[in-house]
Amino acid sequence: MNLFIRIQNGEPFEHPILEDNFREAFPEVDTNNLPPEFAKFIRVEPPVLGIYEKNQTVSYQLVDGVYTDVFVCEQMTDAEKAEIDAEMAEASLNVPE
């Protein structure tokens, strides 16, 4: 699956589009020789959140010369971690034999 993204002011603009849609929307653009206002895009699967991670966000960034998904997530506070640990401990006590 080939994807492309529009670039404005040096930044990704809007969302990536499939090659067929790109060719229909921009028939004058040669996808093998993209002008500076367009770039190839590589879709990346989001990582699985760890037990102490939350609020995963995604942005489109230039990585090693290609635009791609970049995922970031927050780490829970110590209080949130303690709450998760307590819930897990409670759940393990309530496991039927």
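The coordinates are above.
Worth saying up front: this structure is predicted, and the values here are computed from it rather than measured. (Residues numbered from 1 in each chain as written. Predicted model: local features only at pLDDT ≥ 70, side-chain atom pairs only at ≥ 80, totals over all residues. Heavy atoms only, no water.)

Focus: the nonpolar core
Leu 3, Ile 5, Ile 7, Ala 39, Phe 41, Tyr 60 and Tyr 67 together form the largest nonpolar core, which totals seven residues. The leading source of residues in this core is strand β1 (residues 3-8), at three residues. Every residue in contact with Tyr 60, bar those within four places of it in the chain, is listed here: Ile 5, Pro 12, Glu 14, His 15, Pro 16, Phe 41, Arg 43, Thr 68 and Asp 69. The next biggest cluster of nonpolar side chains, apart from the first, holds five residues, and it includes Phe 4, Phe 22, Phe 26 and Phe 38. (Core = buried A, V, L, I, M, F, W, Y, C linked by side-chain atoms within 4.5 Å. Buried < 20%, exposed > 50% of the residue type's maximum accessible area, 1.4 Å probe, protein only. Helix = DSSP H or I, 4+ residues; strand = E, 2+ residues; numbered from the N terminus. Contact = heavy atoms within 4.5 Å.)

Re the packing of aromatic side chains
In this structure the tally under the stated criterion is five aromatic pairs. Centroid distance Phe 22 to Phe 26: 5.2 Å. Interplanar angle 45°. Geometry classified as tilted. Both residues of the pair, Phe 22 and Phe 26, belong to the buried class. Taken together, the ring pairs in this structure connect Phe 4, Phe 22, Phe 26 and Phe 38 into an aromatic cluster. (Phe/Tyr/Trp six-rings, centres within 6.5 Å; stacked < 30°, edge-to-face > 60°.)

Structural notes on the pairing of strand β5 (residues 66-75)
One ladder, built from two bridges, connects strand β3 (residues 38-42) with β5; its direction is parallel. Paired with Phe 41 across the strands is Tyr 67, a residue of β5. Sheet analysis places strand β4 (residues 53-63) next to β5, joined by nine bridges and oriented antiparallel. When the bridges of β5 are listed, Leu 62 appears paired with Tyr 67. Linkage of β4 to β5, two consecutive antiparallel strands, is achieved through a turn of two residues, within which Asp 64 is found at a positive phi near 55°. (Pairing = 2+ DSSP bridges.)

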